[in-house]
Amino acid sequence: MSREPLLEVTNLVKTFGGFRALDGVTFTLHKGEIMGLVGPNGSGKTTCINVISGLYKPDSGNLRFLGKTIAGQAPHKMARLGINRTFQVPKPFRELTVAENILVVHATNKHTEIGDPLEFVGLKNVAHRKAGSLTSGQQKLLDLARALASGPSLLLIDELAAGLSPSELDDVAEKLLTLATRGISLLVVEHLLGFVNQLTQRVIVMNAGKEIFEGDLASAAKDERVVEVYLGR
Amino acid sequence: MLFTLISGILIGIFYGLMGLGLNFIFGVMKIVNLAHGDFVMLGAFGVYLAYSVWNLNPLIALGIELVIFLAIGIPLYYGFVPRLLKSRDPEMLSLILFFGLSQVIESLASFAFGTNPDTVNPTVFGSQPVNIFGQSIQMSWIVAVLISLLAMAFMYGYLYHTKIGIATRAIMGHRTEAMSSGINVHRVSAIAFAIGIALAITAGSMTPFVLGGIYPSMGVDLTTTSFAVIVIGSLGNPLGTILGGLIYGICLMLMQTYLPSWSSLVPYLLLILILLFRPSGLLGRRERNA
Amino acid sequence: MRKRMLANVLIILLLFLLFAVGPSIYQNQSLIFQMMVFMALAQGVNILYGFTGYLPFGYVGFFGIGAYGAAIAVNLLHVPALVAVILGGFSALLAGLVLSPLLRLSGAYFSIGSLAASEILYNVVSNDSLQPITGGPYGVNLAGIFDEQTSYVVMLLLLVLATAFVTYLRSSRFGMSLIAIREDPVSAEMAGIHVVRTRVFVWLATAVLAGLVGATYAWHISVFYPNTVFDLSVSIFAIVFTLFGGGTTVLGPVVGTILLYGLYNAIGISSPQYFQLIYGVLIMALVLFLPNGLMSLLTRRGIYVP
């Protein structure tokens, strides 16, 4: 695995009113790497990827992608730069067909490694159905395919596991691992540690907008503060 | 100047009442009753009819109207709203549906009352003007303001001191949670809808005394005005409506005194400015993503 | 795909023939002209509401500004009629630019906001103190450039243009991305679509369309008053015709306008109250039983409607 940094997050701060949703988050993600971003509800995980994907402008701190500062760019710019994401609650274009959902995506950097994104996620057989008629599991896969269609080099995955059956989970985990081997870096926000364990050992644990742990999953389970956050009050 | 301010406040209270029904229905059901102004118009014609045909006092006429329209409101709710709320885009479709209703009401009213303006003798409440801070104000205005305050007091009592009113507030806050906590959402909403219409009727009954001539096609303007009032206050917030009415009334009176030829712009200008610069209304906090 | 392309071309051609030959078969040319006006405006509403989800109650504002832009160009600048039409479209473009912050609103807020905007335009144009420029409430007379035939042809071209634009939206990736924005602006951003720019572009395009139509209308009727060209029922007609036929299709507004405007002419002019009643009932029935318009009767059965 190359050790070239892809995304460098430095001291990221985002507040809503008086509430500090992100309070100085710093980490680096390398090419082809999978990193888990875990923590209890409301710890700032989703806010973190909302900032990276451009939905929120950070109050302060820096974001560097392939060495260039990108903090505060509009989401469509981020998408064209090569950063894309999925949503916790998938948001397909319901009135368009599955195929059209992919067709509208601006693919600026042609990553051909994964081929047809619908083929890749296994939705080719429903390509002509309206996206609104899919099951929620299928909508999650379509969301992933939509993100892949832009040819990202960084994918932010927001709570993909919630609502999927165990067999679907294994399947999705395998697909994400494939993406990483094709050179796409993944930042996986997840509530379920089991799912993260299938993907990577490298995790960041967040609580109340702060990183409380960075390292491998096994030692996270032994870390006092992590245990306290997950089990205690 | 003093007269302008006082009349602005008085008429503002009345406008607050006019917005109240529209806002209440929006707050509870998240639908826009574009026929609101037409119900106001009906309330006005009810008073006109009662007075000119049976020589009834407007207050008695209002009492009769309230009974009739509360009874009409409930079936109207069950006929339209549940189906609407199940649709793909209730808010937009409500706009169109109630526009249709407004057309129906307007045309029926034109059949019944003709298209020319009618007036009710404003001295029906006594011809003696009342003295407020040295300014003489028509008795009929005072009655209109008292009725408005009464209606607002009723709404306060209903929402905060009755069981069904508290359930209504629960629905206004979180519809789905209210539903799962065992509140009969449709029953509570139906009553809220009927009350919203009754409030429009109440405002209507005072319209001939505050605004003068009444005519079947006045509904559109009244709806826009009501909308301006509640947007100034903030949608879904009854307290805001009263504030909105006051601001609207004072601005209108100031314009009528100092720039009369431009005063018809007031509701629209206020509406746009508030929408663009203070999108959640003066008392609102939430992001305006209707 | 080829079949669909053919269907689109056929529709435009038929529409063109219908209105090109129409006046020589049916004597009431002004009725046919008005039908074209409403059809073009309905397509404007279709572009805006059908594809981006903004329901413009105040769409008539652009129509009126176009009419007045052209009238002022003729009476004060003494330009030829065709230049005046273009200036009418240009004034609507300016109005659209000024009003583009309205796009920050959504749902009912946008609708009511655009309504208020058109009322402001109306109140300004018809104000007594602007009489030297706009004629105030006393109206405008363009008898000097009166030309029923040429204005008819220009209107026909505008209608064809508007319809062609809708067929483009219906069959292009650009149209698809508009629907994507309508369905979910956030996902559309993540699909790399420049949401704000795209919305503003469509908004201005529909403004210019209504402005050009308004200017040509002014040219055609030559004498009019502020309340003729800022009449709220113009927006409402265009909206209802679109919804009745079915938005997001090429054919919906065409069918809706022919049927409902035909109905309006059959009974609306002689007995407006009856028309208003029927119209109101129709609108309510539409929302309750056929919210996606007549065309959805076909699309529901899997039949492709251009």
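Bear in mind the structure is a predicted one, so any value in this text is a computation, not a measurement.

Cut-offs and rules
Residues numbered from 1 in each chain as written. Chains lettered and ligands numbered in written order. Predicted model: local features only at pLDDT ≥ 70, side-chain atom pairs only at ≥ 80, totals over all residues. Heavy atoms only, no water. Salt bridge = Lys/Arg side-chain N within 4 Å of Asp/Glu carboxyl O. Helix = DSSP H or I, 4+ residues; strand = E, 2+ residues; numbered from the N terminus. Buried < 20%, exposed > 50% of the residue type's maximum accessible area, 1.4 Å probe, protein only. pLDDT = per-residue confidence, 0-100. Contact = heavy atoms within 4.5 Å. Buried area = accessible area lost by both parts, 1.4 Å probe. Polar contact = N/O pair within 3.5 Å; in protein donor to acceptor, adjacent residues only side chain to side chain. Nonpolar A, V, L, I, M, F, W, Y, C, P; charged D, E, K, R; others polar. 1 Å grid on protein atoms, 1.4 Å probe; cavity = no way out; pocket = protein on both sides within 12 Å on 5 of 7 lines; lining within 4 Å. Points joined across faces, edges and corners; volume = space filled by probe spheres on them. UniProt positions renumbered as here; feature names shortened; annotations may be inferred. Pairing = 2+ DSSP bridges. Phe/Tyr/Trp six-rings, centres within 6.5 Å; stacked < 30°, edge-to-face > 60°. Lys NZ or Arg CZ within 6 Å of the ring centre and 35° of its normal. Core = buried A, V, L, I, M, F, W, Y, C linked by side-chain atoms within 4.5 Å. Axes fitted to C-alpha atoms, helices over the stretch in contact; angles between N-to-C directions. Parallel < 35°, antiparallel > 145°, perpendicular 65-115°, else oblique. Expected span 1.5 Å × (residues − 1).

Undergrad: Please explain the pattern of salt bridges as it appears in this structure.
TA: Pairing is possible between side chains of opposite charge, provided their charged atoms come close. All names here are of chain A. On inspection of all chains with the given rule, the structure shows 14 salt bridges over all chains. The partner of Lys 31 in a salt bridge is Glu 4, with the nearest N and O atoms 3.3 Å apart. Highlighted residues: Lys 31 in the loop between strand E2 (19–30) and strand E3 (34–38) and Glu 4 in the segment before strand E1 (5–16), separated in sequence by 27 residues. Overall, Glu 4 belongs to the partly exposed group, its relative accessible area being 44%.

Undergrad: Just to check I follow, could you spell out unusual backbone geometry for this structure?
TA: Most of the time, phi is negative for any residue but glycine, and the peptide bond is trans. Backbone geometry places Glu 159 of chain A, a non-glycine residue, at a positive phi of 45 degrees. Mapped onto the elements, Glu 159 of chain A comes out in the loop between strand E7 (154–158) and helix H6 (166–181). Unlike most non-glycine residues, His 78 of chain C shows phi in positive territory, near 55 degrees. Positionally, His 78 of chain C belongs in the loop between helix H3 (60–77) and helix H4 (81–99).

Undergrad: Got a minute to help me understand the confidence of the model for chain B in this structure?
TA: Low pLDDT means the predicted coordinates in that region are not meant to be read closely. Residue and element names in this part refer to chain B. In this model, chain B carries a mean pLDDT of 85, and residues with pLDDT of at least 70 account for 94%. In this model residues 285–290 is a low-confidence stretch, pLDDT under 50, and it forms 15 contacts with partners more than four residues away in sequence or in other chains. This prediction of the complex comes with two scores: 0.89 for pTM and 0.90 for ipTM.

Undergrad: Got a minute to help me understand the interface of chain B and chain C in this structure?
TA: Contacts between chain B and chain C engage 41 residues on the former and 42 residues on the latter. Taking both sides of the interface into account, the surface hidden between chain B and chain C amounts to around 3800 Å²; carbon and sulfur atoms contribute 76%. Three residues, Met 92, Ile 96 and Leu 276 of chain B, lead the burial of chain B against chain C; their summed loss comes to 15% of the area buried on that side. The tally of links between chain B and chain C comes to zero salt bridges. There are eight residue pairs in polar contact (both at pLDDT 80 or more) connecting chain B and chain C. Mapped onto the side of chain B that touches chain C, the elements with two or more residues apiece are helix H3 (58–85), helix H4 (90–113), helix H9 (219–233) and helix H11 (266–277) of chain B. Ranked by the residues each element gives to the side of chain B that touches chain C, the list is headed by H4 of chain B, at 16 residues. Its residues assigned to classes, the side of chain B that touches chain C comprises 27 nonpolar, nine polar and five charged.

Undergrad: Teacher, can you tell me more about the arrangement of the chains here?
TA: Considering every one of the two pairs of chains in contact, the largest contact total is recorded for chains B and C. The closest approach of any C-alpha atom in chain A to one in chain B is 11 Å; the two make no contact.

Undergrad: I'm lost on the layout of surface pockets in this one. Help?
TA: Over the atoms, a rolling probe the size of a water molecule traces out where space has been left empty. Size it by volume and the second largest pocket reaches roughly 1300 Å³. Forming the walls of the second largest pocket are 48 residues, and the residues nearest its centre are Asp 231, Leu 232, Ser 233, Val 234 and Phe 237 of chain C. Looking at the lining of the second largest pocket, the elements with two or more residues in it are H4 and H9 of chain B together with helix H2 (29–52), helix H5 (107–125), helix H11 (226–229), helix H12 (232–245), helix H13 (251–268) and helix H14 (272–289) of chain C. Of all the elements, H9 of chain B adds the most residues to the lining of the second largest pocket, at six residues. Each residue belonging to the lining of the second largest pocket can be placed in one class, and the counts come to 26 nonpolar, 17 polar and five charged.

Undergrad: Please clarify how the UniProt feature "transmembrane region" (unreviewed entry) in chain B should be interpreted in this entry.
TA: With numbering matched to this structure, UniProt assigns "transmembrane region" (unreviewed entry) to residues 6–26, 33–54, 60–80, 92–113, 139–160, 181–203, 239–259 and 265–284 of chain B. Between the C-alpha atoms that bound residues 92–113 of chain B the distance is 31 Å, and the span itself is 100% helix and 0% strand.

Undergrad: What am I meant to see in the side chain of His 76 of chain A here?
TA: If you trace the backbone, His 76 of chain A turns up in helix H2 (residues 75–81). When its relative accessible area of 4% is taken as the criterion, His 76 of chain A is described as buried. Beyond its immediate stretch of four places on either side in the chain, His 76 of chain A contacts Glu 189, Gly 192, Ile 193 and His 194 of chain C.

Undergrad: Is there a simple way to explain the interface of chain C and chain A in this structure?
TA: Listed per partner, the contact involves 17 residues of chain C and 22 residues of chain A. Across the chain C/chain A interface, buried area totals approximately 1800 Å², and carbon plus sulfur atoms make up 66% of it. Together, Arg 173, Met 176 and Met 190 of chain C form the three largest contributors to the area buried by chain C at its contact with chain A, with a combined 36%. Taken together, the connections running from chain C to chain A amount to one salt bridge. With a shortest N-O distance of 3.3 Å, Lys 91 of chain A and Asp 184 of chain C are connected by a salt bridge. For the side of chain C that touches chain A, the elements supplying multiple residues, two or more each, are helix H8 (173–183) and helix H9 (185–190) of chain C. Residues of the side of chain C that touches chain A, tallied by class, amount to eight nonpolar, four polar and five charged.

Undergrad: Teacher, can you tell me more about the sheet that holds strand E4 (residues 60–65) of chain A here?
TA: Strand pairing in a sheet is mediated by backbone hydrogen bonds. Such pairs are either parallel or antiparallel. Residues and elements named next belong to chain A. Strands sit in the order E2-E1-E4-E5 across an open sheet of four strands; the sheet is antiparallel. In the strand order of this sheet, the two ends are held by E2 and strand E5 (68–69), each with one partner. Of the strand pairs in this sheet, E4 and E5 are connected by two bridges, and their pairing is antiparallel. Directly across from Arg 64, in E5, lies its bridge partner Thr 69.

Undergrad: For this particular structure, what's the right way to read the packing of aromatic side chains?
TA: For the structure on display, the rule yields 35 aromatic pairs over all chains. Sitting over the ring of Phe 87 of chain A, Lys 91 of chain A keeps its end group 5.4 Å from the ring centre.

Undergrad: Just checking my understanding: could you explain the nonpolar core for this structure?
TA: The nonpolar side chains of soluble globular proteins are, as a tendency, buried together. With 248 residues, the main nonpolar core has Leu 176 of chain A, Phe 39 of chain B together with Phe 19 of chain C as its most contacted residues. Membership of the second largest hydrophobic core comes to 25 residues, among which are Leu 7, Val 25, Leu 29 and Ile 204 of chain A.

Undergrad: Is there a simple way to explain the packing of H3 of chain B against H14 of chain C in this structure?
TA: Between two packed helices, the angle of one axis relative to the other and the distance separating the axes together describe the packing. The N-to-C vectors of H3 of chain B and H14 of chain C enclose an angle of 40 degrees; their axes lie 9 Å apart at closest approach. Comparing the axis directions of H3 of chain B and H14 of chain C gives the class oblique. Across the interface between the two elements, Phe 80, Arg 83 and Leu 84 of chain B from H3 of chain B touch Met 284, Val 287, Leu 288 and Phe 289 of chain C from H14 of chain C.

Undergrad: What should I look at first to understand H3 of chain C in this one?
TA: Owing to its 3.6 residues per turn, the α-helix brings residues three or four apart onto one side. Given a rise of 1.5 Å per residue, 18 residues ought to cover 26 Å, and the 24 Å separating the end C-alpha atoms of H3 of chain C matches this to within 8%. Two residues or fewer past H3 of chain C, His 78 of chain C is found with a positive phi of approximately 55 degrees.

Undergrad: Looking at this structure, how should I read the pairing of strand E8 (residues 185–190) of chain A?
TA: Residues and elements named next belong to chain A. Of all six residues in E8, six are buried, a share of seventy percent or more. Residues Ser 185, Leu 187 and Val 189 line one face of E8 and the alternating positions Leu 186, Val 188 and Glu 190 line the opposite face, and both faces are buried. Bridge count for E7 against E8 is five bridges, and the pairing is parallel. Bridged to Leu 155 within E8 is Leu 186.

Undergrad: Teacher, can you tell me more about the environment of Ile 68 of chain B here?
TA: Residue placement: Ile 68 of chain B occurs in helix H3. With 130 residues separating them along the chain, Ile 68 of chain B and Ala 198 of chain B place their C-alpha atoms 9.0 Å apart.

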